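Descriptive structure summary
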Amino acid sequence: MSGERRGFFITFEGPDGCGKSTQARLLVAWLKEQGFDAVHTFEPGGTALGRELRRLLLDEGAPVSPVAEMLLMAADRAQHVEEVIRPALARGAVVVSERFVDSSIVYQGAGLGLPEEQIRQVNAVATGGLAPQLTFFLDLDPAHAFSKEGGASDRIEGRGLQFQRAVWTAYHRLLEREPDRWVRIPVAGRPVEDVQADVRRAVLERLKVAGGARGEAAP
Ligand SMILES: Nc1ncnc2c1ncn2[C@@H]1O[C@H](COP(=O)(O)OP(=O)(O)OP(=O)(O)O)[C@@H](O)[C@H]1O
Ligand SMILES: [Mg+2]
């Protein structure tokens, strides 16, 4: 896959309410200021089809079995890769996505108990093998997750502390397995700006290592 790719693919992962949207938004604004073509996107729901799937997945409504949830997340991802991520990478952009395959491994795998290998196989089909070059883990103990404005939680957030703990532990296992791709940033008790400074530092380093990413991503 990397042969066809010219841009740079970054993902944000972490428990619900750890600051993914906040950090991704600030990062993309900053990248644009630096002259990069940068795209901020998210899962589930980053496309028109995805918005429909997100509604089915997160709103309390019709029951969704664990396998159905995993497949719907993968369907959302397939559309997202095809419609948003791949075209942006192909033109040389830096793509910043809130959540990607890792979320399915930890939420539908560790959280709901589906076999990891199955999730990987389904997602290999969904993504065509596309993987992020850099993944941030915003590390926040689920017991201390920042409370959301408005306070309401969706179907997955509402699964309780034990579920969220299984997710958090599974993230740590993924980090241990692929230490080169992941950057762990502790967020508890730290201002948004401090976290963002760590994010920017890591992105700059990786873009430099990727060599030429800047030249290609710049307008
Ligand atoms: N470092 C921080 N310190 C204090 N509050 C923060 C920090 N980062 C984010 N917040 C606040 O916490 C809330 C959740 O942040 P955000 O929506 O960015 O998280 P998220 O990971 O995208 O959440 P979700 O999983 O719900 O999408 C927001 O109200 C945000 O303003
Ligand atoms: Mg968010």
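Residues numbered from 1 in each chain as written. Chains lettered and ligands numbered in written order. Predicted model: local features only at pLDDT ≥ 70, side-chain atom pairs only at ≥ 80, totals over all residues.

This next bit is on the overall build of the protein. Helix and strand counts for the protein come out as eight helices and five strands. Looking at the 219 residues of the protein, the share that counts as buried comes to 43%. Of the contacts made within the protein by residues no fewer than 6 positions apart, 82% connect residues no fewer than 24 positions apart. (Helix = DSSP H or I, 4+ residues; strand = E, 2+ residues; numbered from the N terminus. Buried ≥ 20, exposed ≤ 12 C-beta atoms within 10 Å, placed from the backbone. Contact = placed C-beta atoms within 7 Å.)

Strand order in the open sheet formed by five strands is β2-β3-β1-β4-β5, and the pairing between neighbours is parallel. Where the open sheet ends on each side, the last strands, each with one partner, are β2 (38-42) and β5 (182-186). Averaged over neighbouring strand pairs, the angle between their axes works out to 20 degrees when direction is ignored. Note: strand β1 (residues 8-13) against strand β4 (residues 134-139), four bridges, orientation parallel. In the sheet register, Phe 12 faces β4, and the bridge partner there is Phe 136. (Pairing = 2+ DSSP bridges. Axes fitted to C-alpha atoms, helices over the stretch in contact; angles between N-to-C directions.)

So, on to the packing of helix α4 (residues 101-111) against helix α5 (residues 116-127). Where α4 contacts α5, the two axes come as close as 10 Å, and the packing angle between them is 150 degrees. On the basis of the axis angle, α4 is roughly antiparallel to α5. Considering the relative orientation of α4 and α5, their crossing is right-handed. Where α4 approaches α5, its residues Val 101, Ser 104, Ile 105, Gln 108 and Gly 109 are matched on the opposing element by Glu 116, Ile 119, Asn 123 and Thr 127. Each residue belonging to the contact of α4 with α5 can be placed in one class, and the counts come to three nonpolar, five polar and one charged. (Parallel < 35°, antiparallel > 145°, perpendicular 65-115°, else oblique. Left-handed = near helix turned anticlockwise from the far one by under 90°. Nonpolar A, V, L, I, M, F, W, Y, C, P; charged D, E, K, R; others polar.)

Attention now goes to helix α3 (residues 66-90). Its 25 residues place the ends of α3 34 Å apart at the C-alpha level, agreeing with the 36 Å of an ideal helix rising 1.5 Å per residue. At Val 81, α3 shows its largest bend, some 45 degrees. The first or second residue beyond α3 is Gly 92, which carries a positive phi of 100 degrees. (Expected span 1.5 Å × (residues − 1). Bend = angle between axes of the 7 residues up to and from the residue.)

Those residues of helix α2 (residues 48-58) lying buried are Gly 50, Leu 53, Arg 54 and Leu 57. The buried residues of α2 occupy an angular sector of 105 degrees when the element is viewed end-on, so they sit on one face. Among the exposed residues of α2, those oriented more than 90 degrees off its buried face are Ala 48, Arg 51 and Arg 55. (Arc of directions from axis to C-beta.)

A negative phi angle is the norm for most residues apart from glycine, just as the trans form is the norm for most peptide bonds. For the bond running from Glu 43 to Pro 44, omega is -15 degrees, close enough to zero to count as cis. Counting through the fold element by element, Pro 44 comes out in the loop between β2 and α2. Non-glycine residue Arg 99 carries a positive phi angle of around 75 degrees.

A word on the nonpolar core. Core analysis: the biggest nonpolar cluster contains 52 residues, and Ile 10, Val 94, Val 95, Val 96, Leu 138 and Ile 185 have the highest contact counts within it. Looking at this core element by element, the count peaks at seven residues for α3. The residues contacting Ile 10, other than those within four sequence positions of it, are Val 94, Val 95, Val 96, Pro 132, Leu 134 and Val 203. (Core = buried A, V, L, I, M, F, W, Y, C linked by C-beta atoms within 7 Å.)

All right, on to the environment of Asp 141 then. Among the structural elements, Asp 141 can be located in the loop between β4 and α6 (161-177). A count of 14 C-beta atoms within 10 Å places Asp 141 in the partly exposed class.

One way to put it is that α2 packs onto α3 with a least axis distance of 9 Å and a crossing angle of 160 degrees. Between α2 and α3, the interaxial angle falls into the category roughly antiparallel. Helix-helix and strand crossings are classified by hand; for α2 and α3 the assignment is left-handed. Contacts between α2 and α3 pair Leu 49, Gly 50, Leu 53, Leu 56 and Leu 57 from the former with Glu 69, Leu 72, Met 73, Ala 75, Asp 76, Gln 79 and His 80 from the latter. Here the residues of the contact of α2 with α3 are counted per class, giving seven nonpolar, three polar and two charged.

Time to look at the confidence of the model for the protein. Across the protein, pLDDT averages 91, with 90% of residues at or above 70. Predicted confidence is poor over residues 212-219, with pLDDT under 50, and the contacts of this stretch with residues over four places away or in other chains come to 17 contacts. (pLDDT = per-residue confidence, 0-100.)

Counting buried positions over the six residues of β1 gives six, a clear majority of the element. Pairing analysis gives five bridges linking β1 to strand β3 (residues 94-98), with the strands arranged parallel. In the strand pairing of β3, Thr 11 is matched with Ser 97.

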